[in-house]
Amino acid sequence: MSEILTKRSLLIRLAIGAAVLVCVMVVCSLIGTEEVSLKSVFFGPGRAAGLNPDYEIFARVRLPRIFLAAIVGAALACAGVVLQAILRNPLADPYILGISSGAGLGAIIAVLSGLSWNLWGRSPIGLFAFVGALGTVWLVWGIGRLAGKSQVTSLLLAGVVVNAFFSAVIMFLTSIAKGHQIYSIIFWLMGNLAEEDFFVFWIGATCLAAGIVVLFKISPKLNVLSFGEAEAKTMGVNTAMVKLVAFAAAAFITAVAVSLSGLIGFVGLIVPHAVRLVLGPDHRQLLPMSAILGSLFLVAADTLARTIVAPAQLPVGVITAIAGGPFFLILLVKYTRKVGWTG
Amino acid sequence: MNIIEVKNLRFSYTRQAVVFKDLSLQIQAGSFMAVAGPNGTGKSTLLNLLCGLLKARSGSIKIDGAKIESYSNKLARKVAVVRQEFVPVFGFSVMETVMMPRVHYLDALGFESQADRQIVSESLEATDTISLASRPLGQISSGERQRVFIARALAQDTPILLLDEPTSFLDLKHQVGIYDLLKKMQLEKSKTIVVVTHDINLATQYCDVVLLLGTRGDYYTGTAEEIFSEERIETVYGVKGCSSRLGKGNFFLPLGKFAKDSDLISR
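Residues numbered from 1 in each chain as written. Chains lettered and ligands numbered in written order. Predicted model: local features only at pLDDT ≥ 70, side-chain atom pairs only at ≥ 80, totals over all residues.

1. Structural notes on the overall build of chain B
This is how the line gets drawn: Numbering of helices and strands starts at the N terminus; helices are DSSP runs of H or I of at least 4 residues and strands are runs of E of at least 2. Computation of the radius of gyration draws on C-alpha atoms, with the globule rule given as 2.2 Å multiplied by the number of residues to the power 0.38. Whether a residue is buried, exposed or partly exposed is read from the other C-beta atoms within 10 Å of its own C-beta, which are placed from the backbone; 20 or more gives buried, 12 or fewer gives exposed, and intermediate counts give partly exposed. A residue pair is marked as a contact if its C-beta atoms, positioned from the backbone, fall within 7 Å.
Assigned secondary structure in chain B consists of eight helices and 12 strands. In summary, chain B has a C-alpha radius of gyration of 20 Å against a globular reference of 18 Å for 267 residues, a match within 12%. Across the 267 residues of chain B, 43% fall into the buried class. Taking as baseline every contact in chain B between residues at least 6 positions apart, the subset at least 24 positions apart corresponds to 62%.

2. Describing the overall build of chain A
On a plain count of helices and strands, chain A comes out with 14 helices and zero strands. Element order for chain A, N to C, with α for helix and β for strand: α-α-α-α-α-α-α-α-α-α-α-α-α-α. Taking all 343 residues of chain A together, the buried fraction comes to 47%. Sequence separation of 24 or more characterises 75% of the internal contacts of chain A that already satisfy a separation of 6 or more.

3. Focus: the interface of chain A and chain B
As a reminder of what qualifies: When residue character is reported, Ala, Val, Leu, Ile, Met, Phe, Trp, Tyr, Cys and Pro are called nonpolar, Asp, Glu, Lys and Arg charged, and the others, Gly included, polar.
Each partner contributes to the interface: chain A provides 31 residues, whereas chain B provides 36 residues. Of all the elements in the fold, those that place two or more residues in the side of chain A that touches chain B are α9 (219–225) and α10 (229–234) of chain A. Here the side of chain A that touches chain B gets five residues from one element, more than from any other, and that element is α9 of chain A. Among the residues making up the side of chain A that touches chain B, the classes are represented as 12 nonpolar, 10 polar and nine charged.

4. Considerations on the sheet that holds strand β2 (residues 18–28) of chain B
Residues and elements named next belong to chain B. As a reminder, the rule being used: Two strands are counted as paired when DSSP detects at least two bridges linking them. To obtain each axis, a line is fitted to C-alpha atoms, and for helices this fit is confined to the stretch in contact; angles are then taken between N-to-C directions over 0 to 180 degrees.
With antiparallel pairing, four strands are arranged side by side in an open sheet as β2-β1-β4-β5. With partners counted over all chains shown, the strands left at the sheet margins are β2 and β5 (66–67), one partner each. Across five bridges, strand β1 (residues 2–12) lies against strand β4 (residues 58–63) in antiparallel orientation. Bridging from a neighbouring strand, Val 6 pairs with Ile 61 of β4. Docked against the sheet, helix α1 (residues 43–50) engages β1, β2 and β4, running at close to 120° with respect to β1.

5. Topic: the environment of Gly 211 of chain A
Residues and elements named next belong to chain A. Residue placement: Gly 211 occurs in helix α8 (residues 198–217). We classify Gly 211 as buried; it has 25 C-beta atoms within 10 Å. For the pair formed by Gly 211 and Ala 251, sequence separation is 40 residues and the distance between their alpha carbons is 9.5 Å. The contacts of Gly 211, once residues within four sequence positions are left out, are Ala 75, Ala 249, Phe 252 and Ile 253.

6. Focus on the nonpolar core
What counts is decided by this rule: Put simply, a nonpolar core is buried Ala, Val, Leu, Ile, Met, Phe, Trp, Tyr and Cys residues tied into one set by C-beta atoms within 7 Å.
Of all hydrophobic cores here, the largest spans 178 residues; its most connected members are Ala 75, Cys 78, Val 82 and Ile 253 of chain A. If we skip the residues at most four places from it in the chain, Ile 253 of chain A touches Ala 75, Cys 78, Ala 79, Leu 208, Gly 211 and Ile 212 of chain A.

7. What to know about the pairing of β4 of chain B
In summary, the side chains of a regular strand alternate between the two faces of the sheet. Residue and element names in this part refer to chain B. Of the strand pairs in this sheet, β4 and β5 are connected by two bridges, and their pairing is antiparallel. Residue pairing in the sheet places Ile 63 in a bridge with Ala 66 of β5. Here β4 folds back onto β5 in antiparallel fashion, the turn holding two residues, of which Asp 64 has a positive phi close to 50°.

8. Describing unusual backbone geometry
All names here are of chain B. Backbone geometry places Glu 165, a non-glycine residue, at a positive phi of 45°. With respect to the secondary-structure elements, Glu 165 resides in the loop between β7 (160–164) and α5 (172–189). Located in the positive-phi region is Ser 190, a residue other than glycine, with phi close to 40°. Inspection of the secondary structure assignment puts Ser 190 in the loop between α5 and β8 (192–196). Given 11 C-beta atoms within 10 Å, Ser 190 falls into the exposed group.

9. A closer look at the confidence of the model for chain A
We apply this condition: pLDDT is a per-residue confidence score from the predictor, ranging from 0 to 100.
Overall, the predicted model of chain A reaches an average pLDDT of 84, with 88% of residues at or above 70. The lowest-confidence element of chain A is helix α2 (residues 38–41) of chain A, averaging 69 in pLDDT; the highest-confidence one is helix α13 (residues 283–307) of chain A, averaging 94.

10. Concerning helix α8 (residues 230–237) of chain B
Residues and elements named next belong to chain B. Rules: It is the directions from the helix axis to the C-beta atoms whose arc is reported.
Of all the positions in α8, only Ile 233, Val 236 and Tyr 237 are classed as buried. Angularly, the buried residues of α8 cover 80° about the axis, an arc narrow enough to put them on a single face. α8 presents Glu 231 and Thr 235 as exposed residues on the side facing more than 90 degrees away from its buried surface. Buried positions along α8 lie against β9 (209–213), β11 (241–245) and β12 (250–254). Among the residues trailing α8, Gly 238 stands out with phi positive, at a value near 70°.

11. Concerning the sheet that holds strand β3 (residues 32–36) of chain B
All names here are of chain B. What the six strands build is an open sheet, ordered β6-β7-β8-β3-β9-β10; its pairing is mixed. Two strands lie at the open edges of the sheet, namely β6 (79–82) and β10 (219–222), each paired on one side alone. The average undirected angle you get between the axes of adjacent strands in this sheet is 15°. Across the sheet, α1 touches β3, β6, β7, β8 and β9, and the angle it forms with β7 is around 150°.

12. Let's talk about the pairing of β12 of chain B
All names here are of chain B. Across five bridges, β11 lies against β12 in antiparallel orientation. Note that in β12 the partner of Ser 244 across the bridge is Phe 251. As consecutive antiparallel partners, β11 and β12 are separated by four residues.

13. So, the packing of helix α3 (residues 53–86) of chain A against α13 of chain A
All names here are of chain A. Let me state the cut-off plainly: Throughout this description, any angle smaller than 35 degrees is read as roughly parallel, any larger than 145 degrees as roughly antiparallel, any in the 65 to 115 degree range as roughly perpendicular, and the remainder as oblique. Should the near helix be turned counterclockwise from the far one by less than a right angle, the crossing is left-handed, whereas a clockwise turn marks it as right-handed.
Where α3 contacts α13, the axes come no closer than 7 Å and their chain directions differ by 140°. Considered as vectors, α3 and α13 are oriented oblique to each other. At the point where α3 passes α13, the crossing takes the right-handed sense. Residues Arg 65, Ile 66, Ala 69, Ala 70, Val 72, Gly 73, Ala 74, Leu 76, Ala 77, Cys 78, Val 81 and Ala 85 of α3 touch α13, and the partners they reach there are His 283, Leu 286, Leu 287, Ser 290, Ala 291, Leu 293, Gly 294, Ser 295, Phe 297, Leu 298, Val 299 and Asp 302.

14. Focus: the environment of Lys 189 of chain B
Within the secondary structure, Lys 189 of chain B is located in helix α5. Separated by 30 residues in sequence, Lys 189 of chain B and Pro 159 of chain B have C-alpha atoms that sit 8.5 Å apart.

15. A look at the confidence of the model for chain B
When the pLDDT values of chain B are averaged, the result is 90; 99% of them are 70 or greater. For this predicted complex, the interface confidence reaches an ipTM of 0.84, while the overall pTM sits at 0.86.

16. Thoughts on helix α7 (residues 179–189) of chain A
All names here are of chain A. Listing the buried residues of α7 in full gives Ile 185, Trp 188 and Leu 189. Along the axis of α7, the buried residues cluster in a sector spanning 95°; they form a single face. Turned more than 90 degrees away from the buried face of α7 sit Gly 179, His 180 and Tyr 183, all of them exposed. Contact partners of the buried residues in α7: α4 (99–112), α5 (125–147) and α6 (151–175). Trailing α7 by a residue or two, Gly 191 shows a phi angle of about 85°, which is positive.

Next up, the structure:
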């Protein structure tokens, strides 16, 4: 009976994954354009006279950014897992239901309107993107329901069409935007992790953690749902409920992630596949392991993004796509035979 | 005791296309029933009604003495279904597949107990699929896969087993193998088995009761010998043939105009 995932083997794998993640985060926090001496970091923020620059860079710039990359990566990977499961489509990613274009539209409106007010010291882009993302998902879900019975197909189609439509609007707005606005729009559209203040970070992290816990709770049912809705129903799964919870939680964590970091592509598509190809499709393992690998991937990618063309910075979405694409193809070729892809 | 009772069932997908006008039916606990009939007479629809996927327009269905609506998601503890084979997108292994219906009994973290493992390994043994346990579902033959889905239905541990054409893509050996397996489940575990099938002869050999659905909302129940007469098959299926007694059961050979023995039907 070794073929079935046990609690013990899952815990061991999660512990190893978490340990590797911590190591990578520590290493990445030491990499940067400025040399940071850990020794002086330990002296803290510095007393009365002057600031301790090592501590400032390490604790106020690098660490928050690394933690942000970790939670955003985890959220995107989990959302990808869940959408692939309920849409029963290996091409699904967190953005497939129009979240990307909706969030993008929200962000562009925020940039173009030139709002000068701040929200807890933040520009309103994130908030607009969040509202745009959730609004679009709600719209797509509504259209999918109206379209009727074969909900999965109509949801996918509605998502694709809404995405295309909003992308056209985004292109239009970009082409009438002014020079400096275009720069911020493009940086946002390519995904960009910037230093966040701790308050925003904690709100975001709490939301994402809650969403991931909810998704883990329904992960055994996602397994059953992979066999199709009729099958799942006859095995006693309340499919309508599971699908609603899964969609809502996945959309929510994606929207939060997007509003914190812009549109970071590829993480939500390739991380679930990478984990599934190596460890199998059981969602009880797939979901938490994808969260860990998503964090790892995005932390590493962001470290590259902020150092590779230093002192300038790349949008991290460029790195995830350039590094992720070929890596995924290698994995695909190498493991497909072993797993027996049936799609 | 009747474990399934259907009374005055009426069902239609659209207003025009009425599938069942007024169907009443009792299935005894521990019996083996075949559901036969031409394409489009509602065999699979009946199965979907019995497992709660479809709702009747009027009339009632009782499972084990209680109305089917009263079960909601708990119906899965009474009725298991084996459909025409379906392979999921993601490569679940045979073992994982058979473990699926235990989803109700998982602990708080979503893991199986020893009892779940026990019943799954029994189901794999009963269907002779234990040697396939670690193989991905997509990499085994369709006969093996059909047995795996039967194992999954067994692992669901229900008194009633519904099967939709379980032998349609299988070679002779596997066809007989599946029917033997089902009969064994009926005799040893006193399961109630309902099989949708086009194979009149296998149905005759293995089933206690036959439900024959006609194209005009007519239906016939009885033993295979009563139901599968040459005359009735001709009226219901619109095909001639000849039947004769073998040992304990009849057998029926359909014959067309250009068949070698077509002179047998040109009476």
